Amino acid sequence: MNTQLAQGIDWVGYADWTVRDFHGYRTENGSTYNAYLVRDENTALIDTVKGPYAGTLLAHISAHCPLEEVRYVICNHAEPDHSSALPAVMKACANAELVCNEKCKDALSRHYDVSGWKFKIITEGETLCLGRRSLRFFNTPMVHWPESMVTYVPEDKILFSMDAFGQHISTSERFDDELPLGEIISAAKTYYANIVMPYGKTVMAALTKLGTLPLDIVAPSHGLIWRKHFAEILKCYQDWAVTKATKKVVVFFASMWGSTRIMAEEIAEGALEVPGVDVKLIDVNATHDTVTVTEIMDCAAFAAGTATLNMGMMPAMARTLTYMCGLRPQNKSYFTFGSYGWAEKGATAADAMLAPVCEKLRDPLACRFRPDASLLKECRAAGKMLAEKAASI
Ligand code: FEO
């Protein structure tokens, strides 16, 4: 496996083939925790891995140089997938200083016993000379934690971009020209939708700040390293940062005895009457929220349907909407629908959750017990209206 980004700069991270849950995000293809070793007169380790895999990280470093030669350990981001190996690393690399910003030091201090660590606190734009090479640090607050920063090597035009441009995917390849690009972009899109989506404004600020840097390689903390197709993923990020809508409609639902499903299918059929609009139909009881919110991210309009259960939504729809609204998708229009028996509460509760986040197209479309021909006609018309809204963007 080729791990070399440039002469003296190598990937030394951990490929986590079997992880399937990442704080609720279904990582169907595993992930990697990328760490990088920059060897020079002073050697620097950029980021670490999850705590249980510290031994593999240290073995990868040892393959390149003795651990005592590591002079600096850079922490771009304190989230435990990148920092929880630090206690083992700082113990094993006895001559290393921990390099981070003040906010990161505070976060690390609240996670670990740092009393034995030597810290070197850096500020925005500061440069650390390693010898022939240097490291320059840029804060990228709320992309996606307050202490987040990136590290740049100007001599090689390499940006260590932390979570930005990452993908949860585990492969034996390390570089973006070693796998089909569509596969990598798809993983990056799912990653953006589930991790980064609420921070579009701060992503745009970071892209603007870093956009002037000459870049040959962008090395994120997860997944493949961008050395050929960075322009393509950058364009995607510019669209995703504003959750740019496309001519796409998503109808997602949670049914109890089939009536809400019938309504959803009729709404989707109505949407399909409008040419040029992509239509997706999702049963949230059969689809992980990781997938559903990725479909939502680039749609123009959606319909959310739920039966009424115990004076509220079906639990699966409550879960999906809680997750989705937390990710704050922008530029979406919607309506809600669903069946009920004696109290119309489900679709109304869904509508109340969505109204502060998205543009409401109509009042909830409710059906008592089973939809009749008249109700189905209304569903079809509502679906067509949804697709016409998507077609108009
Ligand atoms: Fe990959 Fe925000 O940690």
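This text follows the structure it describes.
Structural notes, computed from the coordinates. All figures in this text were calculated on a predicted structure; none of them were measured in a lab.

In this fold, Lys332 is placed in the loop between helix 10 (315–326) and strand 22 (333–340). Buried and unpaired, Lys332 has Asp298 as its nearest opposite-charge partner, separated by 6.4 Å. Polar side-chain contacts of Lys332 include one of 3.2 Å to the backbone oxygen of Thr243. Look past the residues within four positions of Lys332 in its chain and what remains in contact with it is Thr243, Lys244, Ala245, Ile296, Met297, Asp298, Cys299, Ala300, Phe302, Cys358 and Glu359.

Positionally, Pro356 belongs in the loop between helix 11 (346–354) and strand 23 (359–360). Here Pro356 falls in the exposed class, since its relative accessible area comes to 69%. A C-alpha to C-alpha distance of 46 Å links Pro356 and Met90, two positions 266 residues apart in sequence.

Next up on the list: the side chain of Asp298. You can see Asp298 is positioned in the loop between helix 9 (289–297) and strand 19 (301–306). Among all residues touching Asp298, those that are not within four sequence positions of it are Lys189, Lys244, Ala245, Thr246, Lys248 and Lys332.

A separate point is the environment of Asp278. Structurally, Asp278 is set in strand 18 (residues 278–283). By relative accessible area, which is 35% here, Asp278 ends up partly exposed. Separated by 30 residues in the primary sequence, Asp278 and Lys248 have C-alpha atoms spaced 4.5 Å apart.

Taking strand neighbours across the sheet as the criterion, the five strands line up as 12-13-14-15-16 in an open arrangement whose pairing is mixed. Among the strands making up the open sheet, the edge pair consists of strand 12 (127–129) and strand 16 (217–220). Recorded for the sheet is a direction-independent mean angle of 20° between the axes of neighbouring strands. Bridging between strand 12 and strand 13 (residues 134–139) involves three bridges; their strand directions are antiparallel. Residue pairing across strands places Thr127 opposite Arg136, the latter belonging to strand 13.

Judged by nonpolar contacts, the single largest core of 92 residues is most densely connected at Leu45, Ile61, Leu98, Leu108, Ile233, Phe252 and Phe302. Ranked by residues supplied to this core, first place goes to helix 5 (residues 181–196) with nine residues. When residues no more than four places from it in sequence are discounted, the contact partners of Leu108 are Cys75, Ala78, Ser83, Leu86, Leu98, Cys100, Val114, Trp117 and Phe119. Core analysis: the second largest hydrophobic core is formed by 25 residues, Val249, Phe253, Ala264 and Ala268 among them.

The subject of this paragraph is the packing of helix 9 against helix 10. A pair of packed helices is captured by two measures, namely the crossing angle of their axes and the spacing between those axes. Where helix 9 contacts helix 10, the two axes come as close as 10 Å, and the packing angle between them is 55°. One element, helix 9, and the other, helix 10, form an angle in the oblique class. Note on packing geometry: the crossing formed by helix 9 with helix 10 is right-handed. Contacts from Asp289, Thr290, Thr292, Val293 and Ile296 of helix 9 reach helix 10 at Arg319, Thr320, Tyr323 and Met324. Here the contact of helix 9 with helix 10 is composed, by residue class, of four nonpolar, three polar and two charged.

Thresholds applied
- Residues numbered from 1 in each chain as written.
- Predicted model: local features only at pLDDT ≥ 70, side-chain atom pairs only at ≥ 80, totals over all residues.
- Heavy atoms only, no water.
- Helix = DSSP H or I, 4+ residues; strand = E, 2+ residues; numbered from the N terminus.
- Buried < 20%, exposed > 50% of the residue type's maximum accessible area, 1.4 Å probe, protein only.
- Lys, Arg positive; Asp, Glu negative; His and termini not counted.
- Salt bridge = Lys/Arg side-chain N within 4 Å of Asp/Glu carboxyl O.
- Polar contact = N/O pair within 3.5 Å; in protein donor to acceptor, adjacent residues only side chain to side chain.
- Contact = heavy atoms within 4.5 Å.
- Pairing = 2+ DSSP bridges.
- Axes fitted to C-alpha atoms, helices over the stretch in contact; angles between N-to-C directions.
- Core = buried A, V, L, I, M, F, W, Y, C linked by side-chain atoms within 4.5 Å.
- Parallel < 35°, antiparallel > 145°, perpendicular 65-115°, else oblique.
- Left-handed = near helix turned anticlockwise from the far one by under 90°.
- Nonpolar A, V, L, I, M, F, W, Y, C, P; charged D, E, K, R; others polar.

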